[in-house]
Every structure is written in C-alpha cells, then in structure tokens.
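Topology and contacts: notes
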Amino acid sequence: MQKLWISAMLVLVLLVATIALQAQEDEEELPEIPYFWASSGFNVPILELEGWDNQHTEDDAIYVNADLNARIVVTMVRTLDDEEAIQTATNALTDSPLTEPLVDSRIGLATGTWTQQLFSVDDISISSFALVRGAGTFVVMLLEDNPNYDVHQVAVRSPILGTTDDGDVQTDFVGGVNLALETFLGEDTNFTLTNSIDLTALGLASVQSQYSTDAGDDLTVFAQELGGITYATITNTDAETATRLGEAIETVFLGFFITPNNSNFLYLGLTMVALIFSVLIGSMWLRYRNVQKDMALVEELSAKE
Amino acid sequence: MATFAVDKTKNTIRLTAMPKVLQGLTVITVLGLIVTLYLGYFNAGTDIQQGEIQRIFYIHMPTFFGAFTAFGATVLGGMLYLAKRDDKWDRLAVAGVEVGLALALINLITGSIWARPIWNTWWTWDPRLTSAAIMALTYAAYLMLRSGIDNLQTRRRFASVYGILAFSTVILTLVIIRIRPDTIHPVVIGASPQNAQGSFEATRGVVLALLPSLLFYSTIVPITLMWYRIRLENMLDVLEQKKIALLSEG
C-alpha cells in the first residue's frame, strides 16, 4: 500500500513539473511597461520619455522635466471632496493660492468620472484631474511654470458621427479638438486653424495644429484621441514643447489605474477554506468518537454475554 | 485517531497504532499549510490590477488538482475493487470521494468569491464553472447514493462503477476551457483559444507561491486526509464485524 502511495506521489510530482515547464514554454513575451505602484493604491506608468526625471516618493508619483519647467504629480488626498483635493494637492506644490479655475468640468473615462480644473496662477499653469474613489480622491496634475508660455491639458468627449455596420461608434476627432479649444477659450472667443500635421500612428489618432484667436493669440495644440475622448495639450509656445508635454501627461493619465481594495473578499475566501476543512476534519473526528463509543458498548455487551 | 489503523489480511481488519509515515505526513501537512500560506500571502506581491483577492488563486487552483488526485484515487480504488473484490480498495474509493468533494467545494467557493470583485458576479453559467459544479454534484450524489444501499457487497460494486464513471466529469472540467471558446475562465497553464478575463501574470513571486501550493495541495493534503479517512472506514468495518460477531454469539 505504501509503495503505491509513493508511486502515486512521484507520478503527480512529475505531472505538475511537466505542466509547469509546458506553461513556461507557452508563455508569450509581452512588452513590459514599467509601473509605479503608490502605497495609496494607484498605479501610473514610469515616464521613460526624454528629459523626465522620476522623483517619486512612497505615496506620490512625481516626474520632473527641468528643461520644460514642468512637473507631473499624481497623489491621493484623504477627502471625498474633489475640489478640496485639488486645492490641497496644489497647495503642497505651489505657494500661490489658487484663483477661479479657467475650466471646471467633469469627464467620464474608463477609470471613472473625473473632475477637470485648469488654473493659471502667476506664471504657473496647472491642469488637474481628480477622481473620488474609496476613502480619498486621486489627483493627477500637470504644473508648468515657464514665465514665457502657458500649457494646459484638456479632456473632452469627442462628438459622435454615427455607428458603423458592426455597431462601432464613430467619433469626430477634429470636432473633439475644436471642442477642447472651445472649452478652454470659452464660447465667446473665435479661433481659426492655420496649420495642421497629422501624426496618427498605430491606430492612435494624433494631430499637431496651430490656431490663431480673434484676441490675437497664437495657440499650438497637440491632441490625441483614445476611447472616444480627445486629450488636447494647449499652449502658446512651439509645437515641440506642446508635443513633449502632451505625450508625457497623456502617458501618465491614460495609464492611470487603481488597484482595487478587495481584501475583505480574500478574508471571506480564507474563512470559507478554513470552514470547509474544519467541517471535513471535524466530521471525521466526530465519527471517530462515535465509533469508539459504539466499540466500547459492543465490547461491554460482548463481555456480558 | 492515534490508536487505530490498517489491515493486513484480505477482507479482515485489525486496528493498529498510527503508522509513523502518517504521523510524519500530518506534521508535513501542518508545516506545508503554514509555508504555502506564508508564500502566498506574505512573500508574493499584490496583483496591481486585481488587488489582494488574486491571492485566493494560490488555494483555488491547487485544490482543484487536489480534488483530481482524490477522485483519481477513487477510480483506482474502484477498478481494483472490481478486479480483486478486496474491501480495502473500496475504502480507498470512498475516502477519495469525501476528500475530493471537500477540495472541489473549496475550489468552487473560492472561485466564486474571486469572481465577485473581478467579474462583478458571484456566479455565471460559464462552461468551466458549470462543469465544475456538475463534478461536485456528481460526487455529492455518490455519497448519498452509497449510503442509500444497505447490502454491503452491492453498495461496494455500485460505488466502484459509479466512482469510475464519475471521473469523466473531472476530465471534462479539466479540458473544457481548451475546447470551448466561449469561456471567460482564465487559462493559467498553457495556451487557450479564447481571451480569458481576469488573467494572471506568472511573475517570479507568483511562481514561487503557486508551485509549492500546487505540489502541496495536489499530493500531501489529499493523501494525508484520505489516509485518515481510510482509517476511519477501517474502524467502521471493525465495528460492523464486532456487531455481527456479537449478534451471532447471541
């Protein structure tokens, strides 16, 4: 009997080892995106774009570009008020108090509904996105403090053109860029497209455009569309700066996700495992005790006979 | 259960002290439980997409293979009983079903608890989930039907045949994710025809937690538990023999 058990165990070990080796062979090599996981539970890609320095702490993702006088900060504020969270996060980074936002809107993304607020305080341009989730509010910010120009990031839902025969929704990317500009400038300011370069690659619609406004400003916009949302980086400087900042903030913002807090389900699972094992072992123990009692009774009766 | 054990003579049982191998296995089982829990819950990193619930996977999948081992023992016991008519093989078969059913239930329940935060539902009639539920119900029916037959020899014959046939549900559960393209159950080992939802990345920490758990739950746990269950069945048979002897004396 013991030899049989040992043989069975050996066969099983060999089976498991063979399956594990097979799994290793079958595993596909996927490109790895380095991620920063904050202790507060959010995740963002680590920026590997040229000029960006990773200065993260345990709680916050911080990317600094000294050439462009720009910072991208992702943090979690312990409040369920999104505006208060933006104020708190910004106060931790600048000495200047925030004024009325240039843009204050909400945008529904795959990660949730974000509050979007843009500010210009002294020479600092601030684009902030806040998402209330769990016990706090996650804030993604782009801060740029070059005195010669401003940079803001705007996200809007692209207008819908219609649906294809397959049921896919078709969106108007150019209309999305115009809507982003309207959102930023306000409905009273008119703008005219002066130049546009299509940078669409790998299925991600991208464009670099110049506009002049009726107020006499020249604006450069770097925009990308993903999932029916147009992300536009609007600046009054050159296209290269707009593109570098736009790519950086969009990499961080689009790659943002929250690790769900589901520990309670894990504890429930472990409790159930303990319960089932307890029932099995307990039932065997009870049956053993009962058999022992019966055995004693039978032996007692047998002795009386 | 430290004072009784195994038979040596065909179709008669005597109770002996607990074998040292079983004592050793018991210690290994307790230690293995602690080590696998440590590897899965402290050493392996948190899955950043699924969160802490992913750790349940270090029990969920290995218990299925534990059930596979136990139900495999039932097939072996059933076949050898039918061939040799030796009662010890029937005891192996029933031990395999009882232990395998407990492990299959752990597999089903932990899977359901994992699915709630990941799939947003406790249960869905996915091919893999359905086949796993059928498997558990089939073996639960084995125990109920077995206890419903009074004649010992008929019960053992019936149980042996049933135990062998019931293993088809285990095979079905094992292979269904590879033949049904509409399953959403993750395929952890090897390639699959579909895009599973809630898949697992086999990082070093995951492998380090999973492989020992897999070996532990698929070998040590079912073997130790089945051994104890066989000893209990031995005792029940001894009791039965003593009752018969007492009645015949009377």
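Note that the coordinates shown come from a computational prediction; the quantities given were computed from them, not determined experimentally. (Residues numbered from 1 in each chain as written. Chains lettered and ligands numbered in written order. Predicted model: local features only at pLDDT ≥ 70, side-chain atom pairs only at ≥ 80, totals over all residues.)

**A look at the overall build of chain B**
Each helix and strand counted, chain B has 6 helices and 0 strands in total. Ordered by position from the N terminus, the helices and strands of chain B form the series α-α-α-α-α-α. Pairs at least 24 residues apart make up 74% of the contacts formed inside chain B by residues separated by at least 6 positions. (Helix = DSSP H or I, 4+ residues; strand = E, 2+ residues; numbered from the N terminus. Contact = placed C-beta atoms within 7 Å.)

**Some thoughts on the overall build of chain A**
Along its length, chain A carries 5 helices and 17 strands. Here the C-alpha radius of gyration of chain A, 30 Å, is well above what a compact globule of 305 residues would show, namely 19 Å. Taking the principal axes of its C-alpha atoms as reference, chain A extends roughly 115 × 45 × 40 Å. By residue count, 33% of the 305 residues in chain A fall in the buried class. Across chain A, every contact between residues at least 6 apart in sequence was considered, and the portion connecting residues at least 24 apart equals 49%. (Rg over C-alpha atoms; globule rule 2.2 N^0.38 Å. Buried ≥ 20, exposed ≤ 12 C-beta atoms within 10 Å, placed from the backbone.)

**Thoughts on the environment of Q208 of chain A**
Residues and elements named next belong to chain A. Positionally, Q208 belongs in strand β14 (residues 205-213). For Q208, a count of 19 C-beta atoms within 10 Å gives the class partly exposed. With 10 residues separating them in the primary sequence, Q208 and D198 have C-alpha atoms 6.5 Å apart. Contact partners of Q208, with chain neighbours within four places excluded, come to I197, L199, F222, A239 and T243.

**Regarding the sheet that holds strand β16 (residues 229-235) of chain A**
Residue and element names in this part refer to chain A. Strand order in the open sheet formed by 5 strands is β10-β16-β15-β14-β13, and the pairing between neighbours is antiparallel. Two strands lie at the open edges of the sheet, namely β10 (151-157) and β13 (191-198), each paired on one side alone. The average angle at which neighbouring strand axes cross in this sheet is 25 degrees, direction not considered. Two strands pair when backbone bridges link them, and strand β15 (residues 218-226) and β16 are joined in this way by 7 bridges, in the antiparallel orientation. Its bridge partner being in β16, V221 is matched across the sheet by I234. The sheet contacts of helix α3 (residues 173-185) involve β10, β13, β14, β15 and β16, and relative to β16 the element is tilted by about 50 degrees. Helix α4 (residues 239-254) rests against β10, β14, β15 and β16 of the sheet, and its axis sits at about 30 degrees to β15. (Pairing = 2+ DSSP bridges. Axes fitted to C-alpha atoms, helices over the stretch in contact; angles between N-to-C directions.)

**Side note on the sheet that holds strand β3 (residues 53-54) of chain A**
Residue and element names in this part refer to chain A. Reading across the sheet, the 7 strands line up as β3-β4-β5-β9-β8-β7-β6 and stay open at both edges, with antiparallel pairing between neighbours. With one partner strand each, in any of the chains shown, β3 and β6 (103-109) form the two edges of the open sheet. Note that β6 and strand β7 (residues 112-121) share 7 bridges and pair antiparallel. Among the inter-strand pairings, I107 is bridged to a residue of β7, identified as W114.

**Section: the pairing of β15 of chain A**
All names here are of chain A. Buried residues dominate β15, accounting for 7 of its 9 residues. Two strands pair when backbone bridges link them, and β14 and β15 are joined in this way by 8 bridges, in the antiparallel orientation. If you follow V207 over to β15, its bridge partner there is A223. Hairpin connection between β14 and β15: a loop of 4 residues separates the two successive antiparallel strands, and G216 in this loop has a positive phi of roughly 90 degrees. Counting the residues that bridge the hairpin from β15 to β16 gives 2 residues, and of these G227 lies at a positive phi of roughly 60 degrees.

**Some words on the environment of V140 of chain A**
All names here are of chain A. Within the element layout of this structure, V140 appears in strand β9 (residues 136-144). Residue class for V140 comes out buried when judged on the 24 C-beta atoms lying within 10 Å of it. Each C-alpha atom, one on V140 and one on H152, is 13 Å from the other, the two residues being 12 residues apart in sequence.

**So, unusual backbone geometry**
Despite not being glycine, D122 of chain A shows a phi value in the positive range, around 55 degrees. Within the secondary structure layout, D122 of chain A lies in the loop between β7 and β8 (124-133). Its 11 C-beta neighbours within 10 Å are what place D122 of chain A among the exposed residues. Here the phi dihedral of N120 of chain B falls at roughly 65 degrees; this positive angle occurs in a residue that is not glycine. Of note, N120 of chain B is situated in the loop between α3 (87-119) and α4 (127-147).

**Notes on the confidence of the model for chain A**
Of the residues in chain A, 91% reach a pLDDT of 70 or more, and the chain-wide mean stands at 88. Per-element mean pLDDT across chain A ranges from 65 in helix α1 (residues 2-26) of chain A up to 96 in strand β4 (residues 61-65) of chain A. (pLDDT = per-residue confidence, 0-100.)

**What about helix α5 (residues 263-304) of chain A?**
With 42 residues, α5 of chain A extends 61 Å from end C-alpha to end C-alpha; this agrees with the ideal 62 Å at 1.5 Å per step. Listing the buried residues of α5 of chain A in full gives F265, L266, G269, V273 and L280 of chain A. Check the buried side of α5 of chain A and you find it contacts α2 (57-84), α3 and α6 (204-249) of chain B. (Expected span 1.5 Å × (residues − 1).)

**A few points about α3 of chain A**
Residues and elements named next belong to chain A. With 13 residues, α3 extends 18 Å from end C-alpha to end C-alpha; this agrees with the ideal 18 Å at 1.5 Å per step. Taken together, the buried positions of α3 are F173, G176, V177, N178, A180, L181, T183, F184 and L185. Backbone geometry just after α3 places G186 at a positive phi near 95 degrees.

**Section: the confidence of the model for chain B**
All names here are of chain B. For chain B, the mean per-residue pLDDT works out to 86, and 87% of the residues sit at or above 70. Averaged pLDDT values over the elements of chain B bottom out at 90 in α6 and peak at 96 in α2. For the stretch residues 1-10, pLDDT sits under 50, and the model shows 25 contacts to residues farther than four places along the chain or on other chains. Across residues 191-196, confidence stays below pLDDT 50; counting only partners more than four residues off in sequence or on other chains, it has 12 contacts. Our summary of model confidence lists the complex with pTM equal to 0.76 and ipTM equal to 0.88.

**Points about the pairing of strand β2 (residues 42-45) of chain A**
Put simply, side chains in a regular strand alternate between the two faces of the sheet. All names here are of chain A. Residues F42 and V44 point to one face of β2 and are all buried, whereas N43 and P45, pointing to the other face, are not buried. Inspection of the sheet shows strand β1 (residues 35-37) paired to β2 by 3 bridges, in the antiparallel sense. When the bridges of β2 are listed, W37 appears paired with N43. Adjacent in sequence and paired antiparallel, β1 and β2 are bridged by 4 residues, among which G41 carries a positive phi angle near 105 degrees.

**Structural notes on the packing of helix α1 (residues 20-43) of chain B against α6 of chain B**
Residue and element names in this part refer to chain B. Running from amino to carboxyl end, α1 crosses α6 at an angle of 155 degrees, the nearest separation of the two axes being 9 Å. Looking at the two axes, α1 sits roughly antiparallel to α6. As for the relative orientation of α1 and α6, their crossing is left-handed in sense. Of α6, the residues touching α1 (which contributes L22, L25, T26, I28, T29, G32, V35, T36, L39, G40 and N43) are G205, L208, A209, P212, S213, F216, I220, V221, I223, T224 and W227. (Parallel < 35°, antiparallel > 145°, perpendicular 65-115°, else oblique. Left-handed = near helix turned anticlockwise from the far one by under 90°.)

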